[in-house]
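Residues per chain, in single letters:
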Amino acid sequence: MTKSFFGIVGLGVMGSNLALNVLDRGHSLSVYNRGGEGEAHLLPTFMESVGSAHKVSGFDDLKEFIASLERPKKVLLMIKAGPAVDAVIQSLMLLLEEGDIIIDGGNSLYTDTVRREEYCKNKGVHFVGMGVSGGAEGARRGPSIMVGGSTQSYESIGALLESIAAKDKFKGSCCAHVGIGGAGHFVKMIHNGIEYAEMQLIAEVYDLLKMEYTYEEIADILEEWQGGELSSFLLGCSVDILRHRTGDSFTLDLILDKAGNKGTGGWSSKAALDLGIAAPMMSAAVFARYQSSLKSERISLAQQVTQFANSDSLSLSDLKEAYKASRIINHHQGFAVIKAASDTYDWNINLSELARIWTNGCILRSELTADLVELFKTNDSILATGSYVDEVDSTVDQLVEVISHGMNNRIPLPCFQAAQSSWYSATTERLPANMIQAQRDYFGSHTYRRVDKAESEVYHTEWKK
Ligand code: 6PG
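In this text the structure is predicted, and so the values were computed from the model without any measurement. (Residues numbered from 1 in each chain as written. Predicted model: local features only at pLDDT ≥ 70, side-chain atom pairs only at ≥ 80, totals over all residues. Heavy atoms only, no water.)

## Side note on the sheet that holds strand β7 (residues 144-147)
- Here we have 8 strands laid out as an open sheet, ordered β3-β2-β1-β4-β5-β6-β7-β8, and mixed in their pairing. In this open sheet, the two edge strands, each paired with only one partner strand, are β3 (56-59) and β8 (175-177). Within this sheet the neighbouring strands show an average axis-to-axis angle of 20°, counted without direction.
- Where strand β1 (residues 6-9) meets strand β2 (residues 29-32), 4 bridges bridge the pair, whose relative direction is parallel. By the bridge assignment for β2, Val9 is matched with Tyr32.
- In the packing of helix α7 (residues 151-164) onto the sheet, the strands contacted are β1, β4 (74-77), β5 (101-104), β6 (126-133), β7 and β8, and the crossing angle to β8 comes to about 175°.
- Of the strands in this sheet, β5, β6 and β7 are in contact with helix α8 (residues 183-209), which crosses β6 at around 20°. (Pairing = 2+ DSSP bridges. Helix = DSSP H or I, 4+ residues; strand = E, 2+ residues; numbered from the N terminus. Axes fitted to C-alpha atoms, helices over the stretch in contact; angles between N-to-C directions. Contact = heavy atoms within 4.5 Å.)

## Some words on the environment of Glu64
- Of note, Glu64 is situated in helix α3 (residues 62-67).
- Given a relative accessible area of 47%, Glu64 falls into the partly exposed group.
- With 116 residues separating them in the primary sequence, Glu64 and Ile180 have C-alpha atoms 31 Å apart. (Buried < 20%, exposed > 50% of the residue type's maximum accessible area, 1.4 Å probe, protein only.)

## What about the pairing of β7?
- Where burial is concerned, the two faces of β7 agree: the one with Ser144 and Met146 and the one with Ile145 and Val147 are both buried.
- In the sheet, β6 pairs with β7 via 4 bridges, with the strands oriented antiparallel. If you follow Val132 over to β7, its bridge partner there is Ile145.
- Of the pairings in the sheet, the one linking β7 to β8 comprises 3 bridges and is parallel in character. Across the sheet, Ile145 pairs through a bridge with Cys175, a residue of β8.
- Read from β7 through α7 to β8, the crossover connection turns out right-handed. (Right-handed = clockwise from strand over helix to strand, strands pointing away.)

## Remarks on the pattern of salt bridges
- All chains considered together, the criterion is met by 27 salt bridges.
- Close ionic contact of Arg115 with Asp86 constitutes a salt bridge, the shortest N to O distance being 3.2 Å. Here Asp86 lies in helix α4 (residues 83-93) and Arg115 lies in helix α5 (residues 110-121), a separation of 29 residues in the sequence.
- Among the residues examined, Arg115 registers a relative accessible area of 40% and is labelled partly exposed.
- Classification of Asp86 as partly exposed rests on a relative accessible area of 26%.
- Residue Glu216 pairs with Arg243 through a salt bridge whose shortest N-O separation is 3.6 Å. Placement of Glu216 in helix α9 (residues 215-226) and of Arg243 in helix α10 (residues 233-243) is noted, with a sequence separation of 27 residues between them.
- The exposure class assigned to Glu216 is partly exposed, which follows from its relative accessible area of 30%.
- Within the structure, one salt-bridge network assembled from shared partners comprises Asp86, Asp104, Asp112, Arg115 and Arg116. (Salt bridge = Lys/Arg side-chain N within 4 Å of Asp/Glu carboxyl O.)

## Describing the packing of aromatic side chains
- Under the counting rule described, the total for this entry stands at 15 aromatic pairs.
- When the ring of Trp225 is compared with that of Tyr323, the centres are 5.4 Å apart and the planes differ by 25°; the resulting orientation is stacked. Separated by 98 residues along the polypeptide, Trp225 in helix α9 and Tyr323 in helix α15 (residues 316-345) bring together distant segments of the chain. Judged on exposure class, the residue Trp225 and its partner Tyr323 are both buried.
- Measuring from centroid to centroid gives 4.8 Å for Tyr345 and Trp347, while their planes differ by 40°, and the two rings are tilted. (Phe/Tyr/Trp six-rings, centres within 6.5 Å; stacked < 30°, edge-to-face > 60°.)

## A word on the side chain of Asp104
- Along the polypeptide, Asp104 turns up in strand β5.
- The residues contacting Asp104, other than those within four sequence positions of it, are Leu77, Val85, Arg116, Phe127, Val128, Gly129, Met130 and His185.

## Let's talk about helix α19 (residues 414-426)
- Given a rise of 1.5 Å per residue, 13 residues ought to cover 18 Å, and the 18 Å separating the end C-alpha atoms of α19 matches this to within 8%.
- For α19, the complete set of buried residues consists of Cys415, Phe416, Ala418, Ala419, Gln420, Ser422 and Trp423.
- Those residues of α19 that are buried lie in contact with α8, α13 (280-292), α15 and α18 (386-408). (Expected span 1.5 Å × (residues − 1).)

## Overview of α5
- The terminal C-alpha atoms of α5 lie 16 Å apart, and with 12 residues this matches the ideal 16 Å at 1.5 Å per residue to within 8%.
- Of the residues making up α5, those classed as buried are Tyr110, Thr113, Arg116, Glu117 and Cys120. Seen end-on, α5 carries its buried residues on one side only, within an arc spanning 110°.
- Looking at the buried residues of α5, the elements they touch are α4, β5, β6, α8 and α15. (Arc of directions from axis to C-beta.)

## Digging into the site of the ligand
- By nearness alone, 14 residues border the ligand, and Ser133, Lys188, Glu195, Tyr196 and Lys262 come closest of all.
- One of the side-chain N or O atoms of Ser133 is found 2.5 Å from an oxygen atom in the ligand.
- In this structure, Lys188 approaches the ligand through a side-chain N or O atom, which is 2.8 Å from an oxygen atom.
- If the ligand stood free it would expose 410 Å²; the protein chains cover 79% of that surface.
- At 5 residues, α8 tops the list of elements feeding residues into the shell around the ligand.
- Split into classes, the residues belonging to the shell around the ligand amount to 2 nonpolar, 8 polar and 4 charged. (Near = heavy atom within 4 Å. Polar contact = N/O pair within 3.5 Å; in protein donor to acceptor, adjacent residues only side chain to side chain. Areas by Shrake-Rupley, 256 points an atom, 1.4 Å probe, with all protein chains shown as cover. Nonpolar A, V, L, I, M, F, W, Y, C, P; charged D, E, K, R; others polar.)

## Re the pairing of β6
- Burial within β6 is extensive, with 8 of its 8 residues counted as buried.
- Residues of β6 alternate between two faces, with His126, Val128, Met130 and Val132 on one and Phe127, Gly129, Gly131 and Ser133 on the opposite face, all of them buried.
- Summarising the sheet, β5 and β6 pair through 4 bridges and their orientation is parallel. Counterpart to Asp104 in the pairing with β6 is Gly129.
- In the classification by handedness, the crossover that spans β5, the intervening α5 and the parallel β6 is right-handed.

That's the geometry; what it means functionally is another story.
Structure (C-alpha coordinates):
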(Lines give C-alpha, C1' and ligand atoms only; values in the text may rest on other atoms or scores of the structure.)
Protein backbone atom coordinates (compact mmCIF):
# COMPACT_ATOMS: atom_id res chain seq x y z
CA MET A 1 0.00 0.00 0.00
CA THR A 2 1.34 3.46 -0.85
CA LYS A 3 1.81 5.59 2.21
CA SER A 4 0.01 8.86 2.86
CA PHE A 5 1.83 12.19 3.05
CA PHE A 6 -0.34 13.53 5.91
CA GLY A 7 -2.50 12.22 8.75
CA ILE A 8 -5.42 13.71 10.66
CA VAL A 9 -6.64 12.50 14.05
CA GLY A 10 -10.22 13.52 14.88
CA LEU A 11 -13.10 13.67 12.43
CA GLY A 12 -15.39 16.08 14.23
CA VAL A 13 -16.68 19.15 12.37
CA MET A 14 -13.29 20.90 12.08
CA GLY A 15 -11.24 17.73 11.47
CA SER A 16 -13.49 16.34 8.73
CA ASN A 17 -13.74 19.68 6.93
CA LEU A 18 -9.97 20.19 7.05
CA ALA A 19 -9.51 16.62 5.80
CA LEU A 20 -11.76 17.28 2.78
CA ASN A 21 -9.84 20.50 2.12
CA VAL A 22 -6.50 18.59 2.24
CA LEU A 23 -7.88 16.03 -0.23
CA ASP A 24 -9.20 18.73 -2.57
CA ARG A 25 -5.65 20.10 -2.78
CA GLY A 26 -4.47 16.73 -4.07
CA HIS A 27 -2.55 15.49 -1.01
CA SER A 28 -2.66 11.86 0.02
CA LEU A 29 -4.23 11.50 3.46
CA SER A 30 -4.85 9.02 6.24
CA VAL A 31 -7.51 9.78 8.82
CA TYR A 32 -8.13 8.27 12.23
CA ASN A 33 -11.02 8.45 14.63
CA ARG A 34 -11.41 6.17 17.61
CA GLY A 35 -14.46 3.93 17.63
CA GLY A 36 -16.89 3.79 20.56
CA GLU A 37 -18.10 6.42 23.02
CA GLY A 38 -20.58 7.96 20.57
CA GLU A 39 -17.88 8.48 17.93
CA ALA A 40 -18.17 5.19 16.02
CA HIS A 41 -20.18 6.82 13.22
CA LEU A 42 -17.59 9.56 12.47
CA LEU A 43 -15.14 7.48 10.43
CA PRO A 44 -17.73 5.70 8.22
CA THR A 45 -19.63 8.97 7.71
CA PHE A 46 -16.44 10.73 6.64
CA MET A 47 -15.35 7.91 4.31
CA GLU A 48 -18.76 8.00 2.63
CA SER A 49 -18.55 11.77 2.12
CA VAL A 50 -15.23 11.49 0.26
CA GLY A 51 -15.43 11.16 -3.52
CA SER A 52 -13.71 8.13 -5.13
CA ALA A 53 -11.15 10.38 -6.87
CA HIS A 54 -9.46 11.14 -3.54
CA LYS A 55 -6.51 9.30 -2.01
CA VAL A 56 -7.71 8.65 1.53
CA SER A 57 -7.28 5.77 3.97
CA GLY A 58 -9.45 5.61 7.08
CA PHE A 59 -8.54 3.89 10.37
CA ASP A 60 -9.98 3.30 13.82
CA ASP A 61 -6.75 1.63 14.93
CA LEU A 62 -4.04 4.13 15.86
CA LYS A 63 -1.14 1.77 15.15
CA GLU A 64 -2.36 0.98 11.64
CA PHE A 65 -3.02 4.69 11.03
CA ILE A 66 0.56 5.62 11.97
CA ALA A 67 1.95 2.75 9.91
CA SER A 68 0.11 4.14 6.87
CA LEU A 69 2.07 7.43 6.90
CA GLU A 70 5.28 8.18 5.04
CA ARG A 71 8.25 9.49 7.00
CA PRO A 72 8.64 11.96 8.54
CA LYS A 73 5.15 11.19 9.78
CA LYS A 74 3.04 14.30 10.01
CA VAL A 75 0.02 13.93 12.29
CA LEU A 76 -2.49 16.74 12.77
CA LEU A 77 -4.64 16.53 15.91
CA MET A 78 -8.10 18.04 15.47
CA ILE A 79 -9.46 17.13 18.87
CA LYS A 80 -10.91 18.98 21.85
CA ALA A 81 -8.32 21.13 23.62
CA GLY A 82 -7.39 19.96 27.11
CA PRO A 83 -6.52 16.57 28.64
CA ALA A 84 -7.56 14.67 25.46
CA VAL A 85 -4.58 16.24 23.65
CA ASP A 86 -2.15 14.94 26.29
CA ALA A 87 -3.73 11.49 26.16
CA VAL A 88 -3.40 11.24 22.36
CA ILE A 89 0.18 12.59 22.45
CA GLN A 90 1.08 9.88 24.96
CA SER A 91 -0.30 7.15 22.71
CA LEU A 92 1.38 8.64 19.65
CA MET A 93 4.76 8.83 21.37
CA LEU A 94 4.77 5.02 21.56
CA LEU A 95 4.43 4.85 17.78
CA LEU A 96 6.38 7.82 16.40
CA GLU A 97 10.11 8.10 15.80
CA GLU A 98 12.74 10.81 15.77
CA GLY A 99 11.96 13.53 13.23
CA ASP A 100 8.20 12.87 13.12
CA ILE A 101 5.82 15.78 13.69
CA ILE A 102 2.68 16.17 15.79
CA ILE A 103 0.59 19.25 15.02
CA ASP A 104 -2.13 20.44 17.40
CA GLY A 105 -4.76 22.38 15.43
CA GLY A 106 -7.15 22.96 18.33
CA ASN A 107 -7.55 26.04 20.53
CA SER A 108 -4.99 24.86 23.09
CA LEU A 109 -3.56 27.13 25.76
CA TYR A 110 -0.14 28.25 24.55
CA THR A 111 1.58 27.33 27.83
CA ASP A 112 0.32 23.75 27.35
CA THR A 113 1.82 23.87 23.85
CA VAL A 114 5.21 24.93 25.22
CA ARG A 115 5.07 22.10 27.77
CA ARG A 116 4.04 19.54 25.12
CA GLU A 117 6.82 20.65 22.79
CA GLU A 118 9.35 20.02 25.57
CA TYR A 119 7.84 16.60 26.31
CA CYS A 120 7.95 15.49 22.66
CA LYS A 121 11.44 16.87 22.17
CA ASN A 122 12.78 14.27 24.61
CA LYS A 123 12.07 11.65 21.98
CA GLY A 124 13.14 13.79 19.05
CA VAL A 125 9.53 14.31 17.93
CA HIS A 126 8.56 17.82 16.82
CA PHE A 127 5.44 19.32 18.34
CA VAL A 128 3.74 22.21 16.55
CA GLY A 129 0.97 24.34 18.05
CA MET A 130 -1.15 25.70 15.23
CA GLY A 131 -4.01 28.19 15.39
CA VAL A 132 -6.80 27.62 12.88
CA SER A 133 -9.51 30.20 12.40
CA GLY A 134 -12.59 30.34 10.23
CA GLY A 135 -14.99 27.82 11.70
CA ALA A 136 -16.32 24.86 9.72
CA GLU A 137 -16.69 26.80 6.47
CA GLY A 138 -13.12 28.12 6.77
CA ALA A 139 -11.75 24.65 7.47
CA ARG A 140 -13.49 23.34 4.34
CA ARG A 141 -12.77 26.20 1.91
CA GLY A 142 -9.65 27.83 3.38
CA PRO A 143 -8.94 28.90 6.96
CA SER A 144 -6.37 31.30 8.32
CA ILE A 145 -3.54 29.22 9.78
CA MET A 146 -1.10 30.48 12.43
CA VAL A 147 1.77 28.05 12.83
CA GLY A 148 4.17 27.84 15.78
CA GLY A 149 6.85 25.26 16.55
CA SER A 150 10.28 24.83 15.01
CA THR A 151 11.37 26.25 11.66
CA GLN A 152 12.48 22.74 10.73
CA SER A 153 8.95 21.35 11.14
CA TYR A 154 7.53 24.20 9.05
CA GLU A 155 9.82 23.11 6.23
CA SER A 156 8.02 19.74 6.19
CA ILE A 157 4.43 20.88 6.70
CA GLY A 158 4.39 24.49 5.44
CA ALA A 159 3.66 23.75 1.76
CA LEU A 160 0.64 21.57 2.56
CA LEU A 161 -0.73 24.04 5.10
CA GLU A 162 -0.24 26.98 2.73
CA SER A 163 -2.09 25.05 0.02
CA ILE A 164 -5.22 24.54 2.17
CA ALA A 165 -5.37 28.05 3.66
CA ALA A 166 -7.44 30.99 2.41
CA LYS A 167 -5.80 33.41 -0.03
CA ASP A 168 -5.18 37.12 0.56
CA LYS A 169 -6.03 39.71 -2.09
CA PHE A 170 -2.68 39.14 -3.84
CA LYS A 171 -3.31 35.35 -3.88
CA GLY A 172 -0.76 34.81 -1.09
CA SER A 173 -1.61 32.08 1.39
CA CYS A 174 -3.20 33.11 4.71
CA CYS A 175 -0.89 30.67 6.48
CA ALA A 176 2.45 31.58 8.02
CA HIS A 177 5.02 30.37 10.50
CA VAL A 178 4.39 33.17 12.99
CA GLY A 179 7.11 32.19 15.43
CA ILE A 180 8.66 29.28 17.29
CA GLY A 181 7.31 27.50 20.38
CA GLY A 182 3.85 28.57 21.52
CA ALA A 183 3.61 31.56 19.14
CA GLY A 184 0.96 29.99 16.87
CA HIS A 185 -1.44 29.21 19.68
CA PHE A 186 -0.69 32.52 21.39
CA VAL A 187 -1.67 34.62 18.38
CA LYS A 188 -4.78 32.48 17.81
CA MET A 189 -5.74 33.04 21.46
CA ILE A 190 -5.39 36.82 21.07
CA HIS A 191 -7.23 36.63 17.74
CA ASN A 192 -10.11 35.26 19.81
CA GLY A 193 -9.66 37.91 22.51
CA ILE A 194 -10.03 40.61 19.82
CA GLU A 195 -12.93 38.59 18.37
CA TYR A 196 -14.75 38.62 21.75
CA ALA A 197 -14.58 42.45 21.86
CA GLU A 198 -15.59 42.77 18.19
CA MET A 199 -18.62 40.57 18.86
CA GLN A 200 -19.54 42.45 22.03
CA LEU A 201 -19.30 45.82 20.24
CA ILE A 202 -21.77 44.60 17.60
CA ALA A 203 -24.04 43.27 20.36
CA GLU A 204 -23.94 46.72 22.01
CA VAL A 205 -24.70 48.42 18.67
CA TYR A 206 -27.71 46.10 18.29
CA ASP A 207 -28.83 46.83 21.86
CA LEU A 208 -28.65 50.59 21.23
CA LEU A 209 -30.49 50.40 17.91
CA LYS A 210 -33.27 48.04 18.89
CA MET A 211 -34.91 50.72 21.04
CA GLU A 212 -35.72 52.70 17.91
CA TYR A 213 -35.47 50.41 14.89
CA THR A 214 -36.89 47.11 13.69
CA TYR A 215 -34.53 44.20 13.04
CA GLU A 216 -34.93 44.74 9.29
CA GLU A 217 -33.95 48.39 9.72
CA ILE A 218 -30.96 47.52 11.90
CA ALA A 219 -29.85 45.00 9.28
CA ASP A 220 -30.11 47.73 6.62
CA ILE A 221 -28.04 50.14 8.73
CA LEU A 222 -25.30 47.56 9.36
CA GLU A 223 -25.37 46.52 5.73
CA GLU A 224 -24.68 50.10 4.72
CA TRP A 225 -21.66 50.13 7.10
CA GLN A 226 -20.58 46.81 5.62
CA GLY A 227 -20.17 48.49 2.24
CA GLY A 228 -17.23 50.65 3.39
CA GLU A 229 -14.21 50.74 5.67
CA LEU A 230 -16.15 49.08 8.50
CA SER A 231 -16.66 45.94 6.47
CA SER A 232 -15.89 42.77 8.38
CA PHE A 233 -16.87 39.10 8.44
CA LEU A 234 -18.52 39.52 11.84
CA LEU A 235 -20.59 42.53 10.74
CA GLY A 236 -21.74 40.56 7.67
CA CYS A 237 -22.74 37.61 9.88
CA SER A 238 -24.71 39.95 12.11
CA VAL A 239 -26.70 41.34 9.16
CA ASP A 240 -27.71 37.79 8.19
CA ILE A 241 -28.55 36.97 11.81
CA LEU A 242 -30.79 40.04 12.17
CA ARG A 243 -32.80 39.08 9.09
CA HIS A 244 -33.20 35.40 9.93
CA ARG A 245 -36.68 34.20 10.85
CA THR A 246 -37.99 31.02 12.41
CA GLY A 247 -41.69 30.80 11.61
CA ASP A 248 -43.21 34.18 12.42
CA SER A 249 -40.42 35.17 14.80
CA PHE A 250 -37.00 36.67 14.32
CA THR A 251 -34.66 33.85 15.29
CA LEU A 252 -32.61 36.27 17.40
CA ASP A 253 -35.63 36.81 19.66
CA LEU A 254 -35.84 33.09 20.31
CA ILE A 255 -32.23 32.79 21.52
CA LEU A 256 -31.62 32.74 25.27
CA ASP A 257 -29.45 35.71 26.26
CA LYS A 258 -26.72 33.72 28.05
CA ALA A 259 -23.41 33.87 26.14
CA GLY A 260 -21.18 30.81 26.23
CA ASN A 261 -17.42 30.62 25.90
CA LYS A 262 -14.71 28.03 25.56
CA GLY A 263 -12.04 29.94 27.43
CA THR A 264 -9.85 31.70 24.87
CA GLY A 265 -11.17 35.18 25.71
CA GLY A 266 -10.43 34.66 29.40
CA TRP A 267 -6.97 33.27 28.60
CA SER A 268 -6.26 36.29 26.39
CA SER A 269 -7.21 38.68 29.18
CA LYS A 270 -5.08 36.73 31.63
CA ALA A 271 -2.13 36.83 29.23
CA ALA A 272 -2.52 40.60 28.95
CA LEU A 273 -2.51 40.85 32.75
CA ASP A 274 0.55 38.59 33.03
CA LEU A 275 2.43 40.64 30.43
CA GLY A 276 1.41 43.95 32.03
CA ILE A 277 -0.43 45.22 28.95
CA ALA A 278 -3.72 47.11 29.16
CA ALA A 279 -6.33 45.26 27.09
CA PRO A 280 -9.54 46.22 28.88
CA MET A 281 -11.78 45.78 25.83
CA MET A 282 -11.24 42.04 25.60
CA SER A 283 -11.68 41.58 29.34
CA ALA A 284 -14.85 43.74 29.29
CA ALA A 285 -16.20 41.44 26.59
CA VAL A 286 -15.36 38.33 28.62
CA PHE A 287 -16.98 39.75 31.76
CA ALA A 288 -20.03 40.79 29.72
CA ARG A 289 -20.45 37.13 28.70
CA TYR A 290 -20.06 36.00 32.32
CA GLN A 291 -22.67 38.51 33.51
CA SER A 292 -25.07 37.45 30.78
CA SER A 293 -25.01 33.91 32.10
CA LEU A 294 -26.44 35.00 35.48
CA LYS A 295 -29.91 35.02 33.97
CA SER A 296 -32.07 34.14 36.97
CA GLU A 297 -30.17 36.57 39.21
CA ARG A 298 -30.61 39.29 36.56
CA ILE A 299 -34.34 38.66 36.33
CA SER A 300 -34.73 38.92 40.08
CA LEU A 301 -32.57 42.07 40.42
CA ALA A 302 -34.27 43.72 37.42
CA GLN A 303 -37.49 43.66 39.41
CA GLN A 304 -35.86 45.40 42.37
CA VAL A 305 -34.23 48.34 40.59
CA THR A 306 -35.67 51.31 38.72
CA GLN A 307 -35.92 50.66 35.01
CA PHE A 308 -35.93 53.78 32.88
CA ALA A 309 -35.57 54.90 29.30
CA ASN A 310 -35.14 58.35 27.92
CA SER A 311 -36.83 59.13 24.67
CA ASP A 312 -33.85 60.90 23.02
CA SER A 313 -32.98 59.44 19.68
CA LEU A 314 -29.53 58.16 18.86
CA SER A 315 -27.56 59.71 16.02
CA LEU A 316 -26.64 57.01 13.52
CA SER A 317 -23.55 58.87 12.41
CA ASP A 318 -22.39 59.11 16.05
CA LEU A 319 -22.89 55.38 16.43
CA LYS A 320 -20.99 54.59 13.26
CA GLU A 321 -18.02 56.75 14.30
CA ALA A 322 -18.08 55.37 17.85
CA TYR A 323 -17.99 51.83 16.49
CA LYS A 324 -15.14 52.72 14.13
CA ALA A 325 -13.06 54.29 16.90
CA SER A 326 -13.69 51.41 19.31
CA ARG A 327 -12.60 48.83 16.74
CA ILE A 328 -9.32 50.66 16.24
CA ILE A 329 -8.73 50.74 20.00
CA ASN A 330 -9.62 47.05 20.29
CA HIS A 331 -7.19 46.03 17.55
CA HIS A 332 -4.53 48.27 19.06
CA GLN A 333 -4.87 46.53 22.42
CA GLY A 334 -4.81 43.02 20.94
CA PHE A 335 -1.74 43.66 18.80
CA ALA A 336 -0.01 45.32 21.78
CA VAL A 337 -0.42 42.08 23.76
CA ILE A 338 1.04 40.09 20.85
CA LYS A 339 3.98 42.49 20.55
CA ALA A 340 4.70 42.21 24.27
CA ALA A 341 4.58 38.40 24.15
CA SER A 342 6.80 38.36 21.07
CA ASP A 343 9.39 40.50 22.85
CA THR A 344 9.13 38.52 26.09
CA TYR A 345 9.44 35.08 24.50
CA ASP A 346 11.76 36.09 21.60
CA TRP A 347 9.20 34.97 19.03
CA ASN A 348 10.07 37.73 16.60
CA ILE A 349 6.48 37.87 15.31
CA ASN A 350 6.07 39.90 12.12
CA LEU A 351 2.92 41.91 12.88
CA SER A 352 2.40 42.89 9.23
CA GLU A 353 2.52 39.24 8.19
CA LEU A 354 0.12 38.36 11.00
CA ALA A 355 -2.32 41.08 9.88
CA ARG A 356 -1.97 39.72 6.33
CA ILE A 357 -2.97 36.18 7.30
CA TRP A 358 -5.93 37.73 9.14
CA THR A 359 -7.23 39.40 5.96
CA ASN A 360 -9.03 36.24 4.85
CA GLY A 361 -10.22 32.89 6.17
CA CYS A 362 -10.45 33.93 9.81
CA ILE A 363 -13.26 35.32 11.94
CA LEU A 364 -11.41 38.66 12.32
CA ARG A 365 -11.05 39.31 8.59
CA SER A 366 -11.99 42.89 7.77
CA GLU A 367 -11.01 46.04 5.91
CA LEU A 368 -9.21 47.08 9.09
CA THR A 369 -6.94 44.02 9.22
CA ALA A 370 -6.16 44.68 5.54
CA ASP A 371 -5.13 48.27 6.37
CA LEU A 372 -2.94 47.06 9.21
CA VAL A 373 -0.77 45.03 6.82
CA GLU A 374 0.76 48.25 5.48
CA LEU A 375 0.88 50.02 8.84
CA PHE A 376 2.83 47.22 10.54
CA LYS A 377 5.42 47.17 7.74
CA THR A 378 6.98 50.26 9.30
CA ASN A 379 5.46 50.47 12.81
CA ASP A 380 4.98 48.12 15.71
CA SER A 381 1.92 49.86 17.18
CA ILE A 382 -1.33 51.04 15.63
CA LEU A 383 -0.93 54.28 17.55
CA ALA A 384 2.60 54.87 16.28
CA THR A 385 1.28 56.60 13.18
CA GLY A 386 -0.66 59.83 13.52
CA SER A 387 -3.43 58.63 11.21
CA TYR A 388 -5.20 56.26 13.61
CA VAL A 389 -4.63 58.61 16.55
CA ASP A 390 -6.28 61.39 14.51
CA GLU A 391 -9.08 59.09 13.46
CA VAL A 392 -9.96 58.13 17.04
CA ASP A 393 -9.38 61.65 18.33
CA SER A 394 -11.68 63.18 15.74
CA THR A 395 -14.52 60.78 16.64
CA VAL A 396 -14.12 60.51 20.39
CA ASP A 397 -16.89 63.09 21.02
CA GLN A 398 -19.26 60.83 19.13
CA LEU A 399 -18.13 57.86 21.23
CA VAL A 400 -18.92 59.87 24.36
CA GLU A 401 -22.35 60.82 22.93
CA VAL A 402 -23.16 57.18 22.26
CA ILE A 403 -22.11 56.14 25.76
CA SER A 404 -24.12 58.94 27.29
CA HIS A 405 -27.16 57.92 25.24
CA GLY A 406 -26.70 54.36 26.51
CA MET A 407 -26.37 55.47 30.13
CA ASN A 408 -29.45 57.71 29.85
CA ASN A 409 -31.38 54.75 28.55
CA ARG A 410 -30.03 52.17 30.99
CA ILE A 411 -28.25 50.22 28.26
CA PRO A 412 -25.05 48.55 29.50
CA LEU A 413 -22.12 49.31 27.16
CA PRO A 414 -19.12 47.57 28.73
CA CYS A 415 -17.03 47.45 25.58
CA PHE A 416 -17.76 50.96 24.32
CA GLN A 417 -17.00 52.27 27.81
CA ALA A 418 -13.78 50.27 28.04
CA ALA A 419 -12.76 51.73 24.67
CA GLN A 420 -13.47 55.27 25.74
CA SER A 421 -11.85 55.14 29.20
CA SER A 422 -8.79 53.31 28.00
CA TRP A 423 -8.44 55.83 25.17
CA TYR A 424 -8.55 58.71 27.66
CA SER A 425 -6.03 56.90 29.90
CA ALA A 426 -3.71 56.21 26.99
CA THR A 427 -3.77 59.83 25.86
CA THR A 428 -3.65 61.70 29.19
CA GLU A 429 -0.36 63.22 30.19
CA ARG A 430 -0.87 63.22 33.94
CA LEU A 431 -2.98 60.42 35.44
CA PRO A 432 -3.96 60.17 39.12
CA ALA A 433 -1.49 57.32 39.57
CA ASN A 434 0.47 59.64 41.87
CA MET A 435 -2.37 59.10 44.38
CA ILE A 436 -2.06 55.31 43.99
CA GLN A 437 1.69 55.54 44.58
CA ALA A 438 1.18 57.71 47.66
CA GLN A 439 -1.38 55.26 49.08
CA ARG A 440 0.96 52.32 48.44
CA ASP A 441 3.73 54.15 50.20
CA TYR A 442 1.41 55.23 53.05
CA PHE A 443 0.27 51.77 54.08
CA GLY A 444 3.07 49.59 52.77
CA SER A 445 6.21 51.71 52.43
CA HIS A 446 6.30 50.69 48.79
CA THR A 447 8.16 53.92 47.87
CA TYR A 448 7.54 56.20 44.90
CA ARG A 449 9.49 58.14 42.29
CA ARG A 450 9.40 61.91 41.95
CA VAL A 451 8.64 64.13 39.00
CA ASP A 452 11.49 66.46 39.93
CA LYS A 453 14.19 63.79 40.42
CA ALA A 454 15.82 61.04 38.35
CA GLU A 455 13.45 58.11 37.79
CA SER A 456 16.06 55.70 39.13
CA GLU A 457 15.70 57.21 42.62
CA VAL A 458 13.00 56.01 45.01
CA TYR A 459 11.48 57.94 47.94
CA HIS A 460 9.49 57.11 51.03
CA THR A 461 7.52 59.49 53.23
CA GLU A 462 6.44 59.10 56.86
CA TRP A 463 2.86 60.16 56.11
CA LYS A 464 1.49 60.35 59.66
CA LYS A 465 2.70 63.36 61.49
C1 6PG B 1 -12.27 30.94 14.99
C2 6PG B 1 -13.12 30.96 16.22
C3 6PG B 1 -13.20 29.59 16.77
C4 6PG B 1 -14.36 29.40 17.69
C5 6PG B 1 -14.08 29.75 19.09
C6 6PG B 1 -15.09 30.63 19.73
O7 6PG B 1 -11.33 31.71 14.97
O8 6PG B 1 -12.57 30.16 14.09
O9 6PG B 1 -12.61 31.84 17.17
O10 6PG B 1 -11.96 29.27 17.31
O11 6PG B 1 -15.51 30.00 17.24
O12 6PG B 1 -14.06 28.51 19.72
O13 6PG B 1 -14.88 30.58 21.07
P14 6PG B 1 -15.97 30.72 22.17
O15 6PG B 1 -16.80 29.45 22.17
O16 6PG B 1 -15.17 30.91 23.40
O17 6PG B 1 -16.83 31.90 21.79
